[in-house]
Amino acid sequence: MVIRKELNNHMRVVMEPMEQFTSVSIGVWVDAGSANENPDNNGIAHVAEHMLFKGTATRSARDIADETAALGDHLDAYTSKECTCYCIKTLGEYADKALEIIADMICHPKLDPQDLKKELGVILDEIDMYEDDADELVHELLQKKIWQDHPLGYIISGEKDVVRHFDTDVLRRFMNTYYNGRHLLISVAGRFDPETMLAAIKKQFGDIPAGAPAAPVLPPVYHQTLVCRHKDIEQMHFDLAFDGIPYEHEDKYVLGVVNSILGGNGNSRLFQEVREEKGLAYTVYSYGSSFKQCGLFQIYAAMAPEQTAQVLDAVLASVERMRKEAVSERELSLTKRQIQTELLMSAESTHNRMEANAKAWLYNEHQETLQETAAHVAAVTAEDVSAFMQKYLRMERLCAAFVGNLPAMDADAVNAVFKKWGIPLKVQ
C-alpha cells in the first residue's frame, strides 16, 4: 500500500512499506532541474547536486563517504531537466541512520567557496567528457535546437563559459528558491515502519521553510530543426525526433507499446531489421522523452559514416510501415506481455518503487497499483497503436541531428532519403 502525506511546510512524503524485502530505499527529490534555470545560471542545479556531497556543518565529505560505506555504499544523486534526486539504499535496520545522513546533506550543506572552486574544475572536466560522448551529445544537441531558447532545451551540465563563473551567492539563491518544503518530496520504499519513518522525516525535515511557489514555466514550442556537428571519430551518430506527449497523458500506455514494438528492445522491429537482418548498425533503438508539459519520441542509431543514408532509410521505412500497417495480434500480445512482465519484475527493486512513487507525485500522476498499470497496458489495441503512429510520428514534422565524421557521410544521399520520405530537411 502506498501512503501519501503532506507536512505542515508543504513537503510531500510518499511511503510504500514492503515487508518482504530486507532493504529500504530513501530518495529526497527536488522538484527542479535545468528547466528551472536561466541563461545566467544554466548548470546550477547540477552544481548544487555536486556540492551537497562536499560536507555539512558537522560532517566532512570524507565523513559522508565513510558513514554511507558502512551502510552499504549506495548513496547516489543525479540531476535531470525537471528534478534532482538524492537517494540511498541500505538494510531496513539502518533506515534511520540513512535518513539522518541524507537530511544533513540537504538541510545543512557547508557550501564552502573553496570547495566550490575545486568542484567547478571537476564539473568543467565532466562537461568536456559529455562533449566527447557523441551518443549523449547528439541527444542533447537535438533537444536544444528543438526547443531553442526554452530552458527545457538547456544542457543539464551547463555551458562552460557560464559554469566557470559560479560563486556561492548564485548557488545559495537557487537553493533558497527550490530546496524548501514546496519543492521537496521524500519517497521511501522497502522494509521500514511507516509511523516511525514519518516521525523521523518530520524530525529531520520539519523545520525547512515552506518557501514560495516557483514561477510557472511556460511550455516550450516544438521547432522542426536539423543540426549537424562534425567530430573526428570513427562512427556517425544520428538522433531523430517527433513531437510527442507529456509524462502524464492518456496515451502514455500506448506510447509504451509503440516504443517496445518499434525499437525499445532486442526483438523490436528496428533492432531486428536494421541490425540483425541488414547488418547496417550495431546500435539502434527508440525511446520516449516525456516531461511535464511536452515530450518527444526519438530514434537513435550509430553506424559507419558511409552507411548513414542506408540506416536512415531503413529506420524511416520501419516507421512508415508501422504507420500504414496495423500490428498483428501476435506481435501486440507478445509486446504487452513483455511490458507487463518487466513492470512486475521492476517492482522487486525497492529503488525502482521509490523512484516510481516519487515521479508519480512530481508529475501529478494518479497513483495506481501495479495491477492497474498492467491492466491499462493490456487494454491497448492495434487501433490505438495505429492512431498513435498517425498522430505523432509524422514524417513532415521530423527533426534530426547528426554527430560524427561529416565529410565521410554522403550528404547528397542523406538528403535524397529525406526527400523520398517527404521530410523538409536538408544537410548543407
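To keep things clear, this report deals only with the structure shown in the data block.

What counts and what doesn't
- Residues numbered from 1 in each chain as written.
- Predicted model: local features only at pLDDT ≥ 70, side-chain atom pairs only at ≥ 80, totals over all residues.
- Heavy atoms only, no water.
- Helix = DSSP H or I, 4+ residues; strand = E, 2+ residues; numbered from the N terminus.
- Rg over C-alpha atoms; globule rule 2.2 N^0.38 Å.
- Buried < 20%, exposed > 50% of the residue type's maximum accessible area, 1.4 Å probe, protein only.
- Contact = heavy atoms within 4.5 Å.
- Areas by Shrake-Rupley, 256 points an atom, 1.4 Å probe, with all protein chains shown as cover.
- Lys, Arg positive; Asp, Glu negative; His and termini not counted.
- Charge placed at Lys NZ, Arg CZ, Asp CG, Glu CD.
- Polar contact = N/O pair within 3.5 Å; in protein donor to acceptor, adjacent residues only side chain to side chain.
- Core = buried A, V, L, I, M, F, W, Y, C linked by side-chain atoms within 4.5 Å.
- Pairing = 2+ DSSP bridges.
- Axes fitted to C-alpha atoms, helices over the stretch in contact; angles between N-to-C directions.

Along the backbone of the chain there are 16 helices and 11 strands. Here the chain has a C-alpha radius of gyration of 23 Å; the compact-globule value for 428 residues is 22 Å, and the two agree. Expressed along its principal axes, the backbone C-alpha trace of the chain runs to roughly 65 × 50 × 40 Å. Looking at the chain as a whole, 54% of its 428 residues qualify as buried. Across the chain, every contact between residues at least 6 apart in sequence was considered, and the portion connecting residues at least 24 apart equals 82%. Per element, the accessible surface of the chain, about 19100 Å² overall, is 49% carbon and sulfur. Measuring between centres, the 43 positive side-chain charges of the chain sit 2 Å from its 64 negative side-chain charges.

The next subject is the environment of Glu 368. As for its placement among the helices and strands, Glu 368 is situated in the loop between helix H13 (350-362) and helix H14 (370-378). Of the residues examined, Glu 368 reaches a relative accessible area of 15% and is grouped as buried. Measuring from C-alpha to C-alpha, the distance between Glu 368 and Arg 323 comes to 31 Å, with 45 residues separating the pair along the chain. Contact partners of Glu 368, with chain neighbours within four places excluded, come to Tyr 253, Thr 373 and His 376. Side-chain polar atoms of Glu 368 contact the side chain of Tyr 253, separated by 2.8 Å. At 2.6 Å, the side chain of Glu 368 and the side chain of Thr 373 are in polar contact.

A few words now on the nonpolar core. With 54 residues, the main nonpolar core has Val 47, Tyr 179, Val 188, Met 197, Ile 201 and Phe 205 as its most contacted residues. For this core, the leading source of residues is helix H3 (residues 95-107), giving eight residues. In this structure Phe 205 touches Asn 9, Met 11, Val 28, Leu 99, Ala 103, Ile 106, Cys 107 and Ile 186, once residues within four positions along its chain are discounted. With 52 residues, the next largest nonpolar core counts Val 257, Met 322, Tyr 392 and Met 409 among its residues.

Either a parallel or an antiparallel arrangement is found when strands of a sheet pair, and the pairing is made through backbone hydrogen bonds. On the basis of which strands lie adjacent, the open sheet formed by six strands has the order E1-E2-E6-E3-E5-E4 and mixed pairing. Strand pairing shows two members of the sheet lacking a second neighbour, strand E1 (3-6) and strand E4 (75-79), which therefore form its edges. For this sheet, the mean angle separating the axes of adjacent strands, direction not counted, is 15°. Across the sheet, helix H8 (residues 194-205) touches E1, strand E2 (12-17), strand E3 (23-30) and strand E6 (184-190), and the angle it forms with E2 is around 155°. The strands that H13 touches are E1, E2, E3, E4, strand E5 (84-91) and E6; relative to E3, the one it contacts most, it runs at about 30°.

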